[in-house]
Amino acid sequence: MRPPAWLWIPAAGAILVVVVPLLGLLTSVDVGSLWPLLTSEASVTALLLSLRTAVIATALCLVLGAPLALLLARGQWWGQAVLRALVLVPLVLPPVVGGLALLTTFGRRGLLGEHLVAAGISISYTTTAVVLAQTFVALPFLVLSLEGAVRGLDRRHEEAAATLGAGPWRRLTRVTLPLVGPGLVSGSVLAFARALGEFGATLTFAGSAQGRTRTLPLEIYLQREVDQDAAIALSLVLVVLATVIVGSVYARTTRAAA
């Protein structure tokens with residue numbers, strides 16, 4: 001059933017707000033100088049660092065977030081609602097606040113950081129800090145996606161497996177996870193996209209050292225002050241990556257719903 005035609009009026013406003021600025025960015029690109037700007041040493045180093053740390057952060061989100069999502073979706077225990085709210089807080093926090101939280105925890109004088117430094121382990125202003133910052137902001141995306149997928153799962157499949165003698169681990173690996181696979185993939189891709197675009201928490205907690213903590217969003221910010229053409233070219237790279245990532249998730253979700 002088709003929606004009312006008048007909905008196109010406010011929808012056009014939404015398109016103007018979101019799409020037109022992206023078109024403005026695209027039309028500002030100097031095609032002739034695009035390739036030299038994208039292949040400069042600073043740009044390539046920042047892009048590779050962003051991709052590497054985002055992949056590691058996504059892996060951490062999977063290892064840590066998937067069990068948590070399963071427990072939140074299926075568990076019934078005291079404090080569950082409070083824990084869910086705390087896990088989702090990074091979704092609404094300004095990234096710089098998240099960076100300050102990480103710094104006061106893992107910094108040299110932080111809650112845990114001073115003990116780590118005493119043991120010879122320094123985290124703040126290192127590549128590890130970049131990964132932690134990206135994980136902090138990206139983890140809720142995976143937890144939210146996977147928890148929703150598990151909650152919407154028909155439990156009859158798991159009950160049938162239990163009736164046939166499958167234990168909890170076998171039910172989890174052979175029934176539950178394959179059934180929620182699309183949700184797990186979508187959450188992982190969204191977590192990767194969020195980690196790739198992280199800026200505020202990274203700058204606050206990890207700084208901006210070229211080759212070590214200066215990711216692509218930080219490079220864009222710095223280039224904006226000295227070479228706007230370079231900043232626009234690098235921004236275009238992030239826009240293209242984000243479009244491909246979000247588009248792939250949407251296409252997968254649409255096929256699954258169909």
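Residues numbered from 1 in each chain as written. Predicted model: local features only at pLDDT ≥ 70, side-chain atom pairs only at ≥ 80, totals over all residues. Heavy atoms only, no water.

1. Some thoughts on the overall build of the chain
The number of helices and strands found in the chain is 13 helices and 0 strands. Going from the N terminus to the C terminus, the chain shows its helices and strands as α-α-α-α-α-α-α-α-α-α-α-α-α. C-alpha atoms of the chain, sized along the principal axes, occupy 65 × 65 × 30 Å. Taken over 258 residues, the chain has a buried fraction of 35%. Sequence-distant contacts in the chain: of pairs separated by 6 or more residues, those separated by 24 or more amount to 73%. For the chain, the accessible surface area stands at approximately 14,900 Å², while carbon and sulfur atoms represent 69% of it. Seen as two clouds, the 18 positive and the 12 negative side-chain charges of the chain have centres 12 Å apart. (Helix = DSSP H or I, 4+ residues; strand = E, 2+ residues; numbered from the N terminus. Buried < 20%, exposed > 50% of the residue type's maximum accessible area, 1.4 Å probe, protein only. Contact = heavy atoms within 4.5 Å. Areas by Shrake-Rupley, 256 points an atom, 1.4 Å probe, with all protein chains shown as cover. Lys, Arg positive; Asp, Glu negative; His and termini not counted. Charge placed at Lys NZ, Arg CZ, Asp CG, Glu CD.)

2. Observations regarding the packing of helix α3 (residues 41-74) against helix α7 (residues 127-151)
Contact pair α3 / α7: the axes reach a minimum separation of 6 Å and the direction vectors enclose 40°. In terms of orientation, α3 and α7 fall into the oblique class. In this structure, α3 meets α7 at a crossing whose hand is right-handed. For the contact of α3 with α7, the class distribution of residues is 21 nonpolar, 6 polar and 3 charged. (Axes fitted to C-alpha atoms, helices over the stretch in contact; angles between N-to-C directions. Parallel < 35°, antiparallel > 145°, perpendicular 65-115°, else oblique. Left-handed = near helix turned anticlockwise from the far one by under 90°. Nonpolar A, V, L, I, M, F, W, Y, C, P; charged D, E, K, R; others polar.)

3. Thoughts on the UniProt feature "domain: ABC transmembrane type-1" (unreviewed entry) in the chain
On the UniProt side, "domain: ABC transmembrane type-1" (unreviewed entry) is annotated at positions that read residues 47-249 here. Regarding residues 47-249, the helix share stands at 77% and the strand share at 0%, and the terminal C-alpha atoms are separated by 22 Å. (UniProt positions renumbered as here; feature names shortened; annotations may be inferred.)

4. Concerning the packing of aromatic side chains
Going through the model one piece at a time under the given rule, you end up with 2 aromatic pairs. When the ring of phenylalanine 199 is compared with that of tyrosine 221, the centres are 5.3 Å apart and the planes differ by 55°; the resulting orientation is tilted. Taken together, the residues phenylalanine 199 in the loop between α10 (181-196) and α11 (200-206) and tyrosine 221 in helix α12 (residues 216-226) connect sequence positions 22 residues apart. (Phe/Tyr/Trp six-rings, centres within 6.5 Å; stacked < 30°, edge-to-face > 60°.)

5. Quick notes on the UniProt feature "transmembrane region" (unreviewed entry) in the chain
In the numbering used here, UniProt assigns the "transmembrane region" (unreviewed entry) feature to residues 7-29, 49-73, 85-103, 123-146, 175-196 and 230-251. Across residues 123-146, helical content stands at 83% and strand content at 0%; the span's end C-alpha atoms are separated by 29 Å. Helix makes up 95% of residues 175-196 and strand makes up 0%, while its end C-alpha atoms are separated by 32 Å.

6. Quick notes on a nonpolar patch on the surface
Residues Trp8, Ile15, Val17, Val18, Val19, Leu22, Leu23 and Leu26 make up a contiguous nonpolar surface patch of roughly 800 Å² in combined accessible area. Checked against the element boundaries, valine 17 lands in helix α1 (residues 8-27). Take valine 17: its relative accessible area is 63%, and that puts it in the exposed class. (Patch = residues over 30% accessible without salt bridge, like charges linked within 9 Å, V, L, I, M, F, W, Y side chains within 5 Å. Salt bridge = Lys/Arg side-chain N within 4 Å of Asp/Glu carboxyl O.)

7. Digging into the environment of phenylalanine 136
Along the polypeptide, phenylalanine 136 turns up in helix α7. Each C-alpha atom of the pair phenylalanine 136 and cysteine 61 lies 8.8 Å from the other, and the pair is 75 residues apart in sequence. If we ignore the near neighbours within four places in the chain, the residues touching phenylalanine 136 are Pro90, Gly98 and Leu102.

8. Thoughts on the pattern of salt bridges
For side chains of opposite charge, pairing can occur when their charged atoms come near one another. Per the counting criterion, the structure on display carries 6 salt bridges. Where glutamate 158 meets arginine 74, a salt bridge forms, and the shortest distance between an N and an O atom there is 2.9 Å. One end of the pair, glutamate 158, is in helix α8 (residues 156-163); the other, arginine 74, is in helix α3, with 84 residues separating them in the sequence. Arginine 74 gets classed as partly exposed once you look at its relative accessible area, which sits at 27%. In this structure, the salt-bridge partner of arginine 194 is glutamate 198, at a minimum N-O distance of 3.1 Å. With a relative accessible area of 1%, glutamate 198 lands in the buried category. Each member of the salt-bridge network shares a partner with another, and the members are Arg84, Glu147 and Arg151.

9. Digging into the side chain of glutamate 147
Mapped onto the elements of the fold, glutamate 147 is located in helix α7. Contacts of glutamate 147, omitting those with residues within four sequence positions, involve Ala69, Leu72, Ala73 and Arg84.

10. Focus: empty space enclosed by the protein
Enumeration over the complete set of coordinates arrives at 2 cavities of 30 Å³ or more. Its boundaries defined by the atoms lining it, the largest cavity holds a volume of some 40 Å³. Lining the largest cavity, in full, are Ser28, Val29, Asp30, Ser33, Leu34, Leu37, Asp229, Ile232 and Ala233. Elements with a minimum of two residues in the lining of the largest cavity: α2 (31-38) and α13 (228-257). (1 Å grid on protein atoms, 1.4 Å probe; cavity = no way out; pocket = protein on both sides within 12 Å on 5 of 7 lines; lining within 4 Å. Points joined across faces, edges and corners; volume = space filled by probe spheres on them.)

11. A short note on the environment of glycine 148
Residue position: glycine 148 is located in helix α7. Look at glycine 148 and you get partly exposed, because its relative accessible area is 41%. It is 9.8 Å that separates the C-alpha atoms of glycine 148 and leucine 72, two residues lying 76 residues apart in sequence.

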